[in-house]
Amino acid sequence: MTGTGLRIRMEGARPAFGPRARWVLSIMAEGLGREARFTDGPADIVYAPRPPAADEGACWIPLQDTAQAFFEGPGAFPAEAVHRAGGLTLLSPPADPAAAIPGDIVASAFYLLARWDEYRVADRDRFGRLPYARSAFASIEGLDIEEPAVEGYLAVLREALGLPAPESWTVFLTHDIDRIRRPLEALLPDDLYLARRGTTDSELIFLLLMAHGLERDPAKAVQAVVALLQAHSCYGQGCEEAV
């Protein structure tokens, strides 16, 4: 590894999955505090069907054609149950259970990060959302919403690459949230209220997290803000009142 770059070489990806693999690997690199740099030469990570030469010293992520091919079909769920190997939760059988990274974590990560179940399952609740009962977390045995599999993938990559553990928290808020009532803004301290740069719900939630001690105790801050959102959102008071 040189500087902040993470050299990544892909070999043998299915044409339809290639761009998806690059997207996932870029996100993983960012999660490791590095910038993805794709190459056809020497690399730090090799995503390929076979291990790289031992003298290259690269971290191998097994590329499994069947795992990638799943995304070319109409299915919503890649398996009835997860596969476990090397302490990881995989959505396809491991390619090499004895390897440091035993299976195609790129394909599994794409399924989870892209929320492929939402794309393939037509069912929606009255708010237009995929019901939990029809989601991958309810349909794939062993897939636990409280144990993020992708975090495990990052941890094993970090160890394989010899990278230090993160020293601080980073928060990424998704767009898929209910609209929050204006009274929540009144709960912000003056300094954070004046720090606003937009009018999005995601910025408001982040500022609420800061107000509840995100930097001191992230878990406690998240719990406090989740309670606020439940009280002021569609879940707590009905959609008509929440808007």
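Every value quoted in this text rests on a predicted model; they were computed, and no experiment measured them.

Q: Sorry, what's going on with the overall build of the protein chain here?
A: Summing up its helical and strand segments, the protein chain has 11 helices and six strands in all. At a minimum sequence separation of 6, the contacts of the protein chain that also span at least 24 residues come to 61%. Summing over all exposed atoms, the protein chain offers an accessible surface of approximately 13,700 Å²; the carbon and sulfur share of this is 52%.

Q: For this particular structure, what's the right way to read the confidence of the model for the protein chain?
A: On average, residues of the protein chain carry a pLDDT of 87, and 87% of them reach 70 or more. Segment residues 235-243 is flagged for pLDDT under 50; beyond a separation of four residues in sequence, or across chains, it makes 19 contacts in the model.

Q: Sorry if this is basic, but what is going on with the side chain of Thr 89 here?
A: As for its position among the elements, Thr 89 is in strand β6 (residues 88-90). Overall, the relative accessible area of 14% leaves Thr 89 in the buried class. Polar side-chain contacts of Thr 89 include one of 2.7 Å to the side chain of Arg 84. Those residues in contact with Thr 89, other than ones at most four positions away along the chain, are Val 82, His 83, Arg 84, Leu 143, Ala 149 and Tyr 153.

Q: Is there a simple way to explain the packing of aromatic side chains in this structure?
A: Aromatic ring pairs: the centre-centre distance and the angle between the two ring planes describe each pair. Summed over all chains, the structure comprises 10 aromatic pairs. With centroids separated by 5.1 Å and ring planes inclined at 85°, the aromatic side chains of Phe 71 and Phe 110 adopt a geometry described as edge-to-face. Of the two residues, Phe 71 is situated in the loop between α2 (65-69) and β5 (83-85) and Phe 110 in helix α3 (residues 105-113); the sequence distance between them amounts to 39 residues. For the pair Phe 71 and Phe 110, a shared accessibility class is recorded, and that class is buried. Between the aromatic rings of Phe 71 and Trp 116, the centroid separation amounts to 5.1 Å while the plane-to-plane angle is 90°, which identifies the pairing as edge-to-face.

Q: Is there a simple way to think about the packing of helix α1 (residues 18-31) against α3 in this case?
A: When two helices pack together, you describe them by how their axes are tilted relative to each other and by the distance separating the axes. Viewed as axis vectors pointing N to C, α1 and α3 meet at an angle of 90°, and their least axial separation amounts to 9 Å. If you check the angle between α1 and α3, you find them roughly perpendicular. Where α1 abuts α3, its residues Arg 20, Ala 21, Trp 23, Val 24, Leu 25, Ile 27 and Met 28 lie against Ile 105, Val 106, Ala 109, Phe 110 and Leu 113. Grouping the amino acids of the contact of α1 with α3 by side-chain chemistry returns 11 nonpolar, no polar and one charged.

Q: Which parts of the structure should I look at to understand the pattern of salt bridges?
A: Pairing between side chains becomes possible if they bear opposite charge and their charged atoms approach one another. Enumeration over the complete set of coordinates arrives at 10 salt bridges. The shortest N-O distance in the salt bridge between Arg 115 and Glu 118 comes to 3.6 Å. The closest approach of N and O atoms between Arg 134 and Asp 123, which form a salt bridge, is 3.4 Å. Here Arg 134 is found in the loop between α4 (116-120) and α5 (136-139), whereas its partner Asp 123 is found in the loop between α4 and α5, with 11 residues between them in sequence.

Q: Looking at this model, I keep getting lost on a nonpolar patch on the surface. Mind explaining?
A: On the surface, Trp 23, Ile 27 and Leu 113 cluster together into a nonpolar patch covering about 240 Å² of accessible area. By secondary structure assignment, the location of Leu 113 is in helix α3.

Rules used throughout
- Residues numbered from 1 in each chain as written.
- Predicted model: local features only at pLDDT ≥ 70, side-chain atom pairs only at ≥ 80, totals over all residues.
- Heavy atoms only, no water.
- Helix = DSSP H or I, 4+ residues; strand = E, 2+ residues; numbered from the N terminus.
- Contact = heavy atoms within 4.5 Å.
- Areas by Shrake-Rupley, 256 points an atom, 1.4 Å probe, with all protein chains shown as cover.
- pLDDT = per-residue confidence, 0-100.
- Buried < 20%, exposed > 50% of the residue type's maximum accessible area, 1.4 Å probe, protein only.
- Polar contact = N/O pair within 3.5 Å; in protein donor to acceptor, adjacent residues only side chain to side chain.
- Phe/Tyr/Trp six-rings, centres within 6.5 Å; stacked < 30°, edge-to-face > 60°.
- Axes fitted to C-alpha atoms, helices over the stretch in contact; angles between N-to-C directions.
- Parallel < 35°, antiparallel > 145°, perpendicular 65-115°, else oblique.
- Nonpolar A, V, L, I, M, F, W, Y, C, P; charged D, E, K, R; others polar.
- Salt bridge = Lys/Arg side-chain N within 4 Å of Asp/Glu carboxyl O.
- Patch = residues over 30% accessible without salt bridge, like charges linked within 9 Å, V, L, I, M, F, W, Y side chains within 5 Å.

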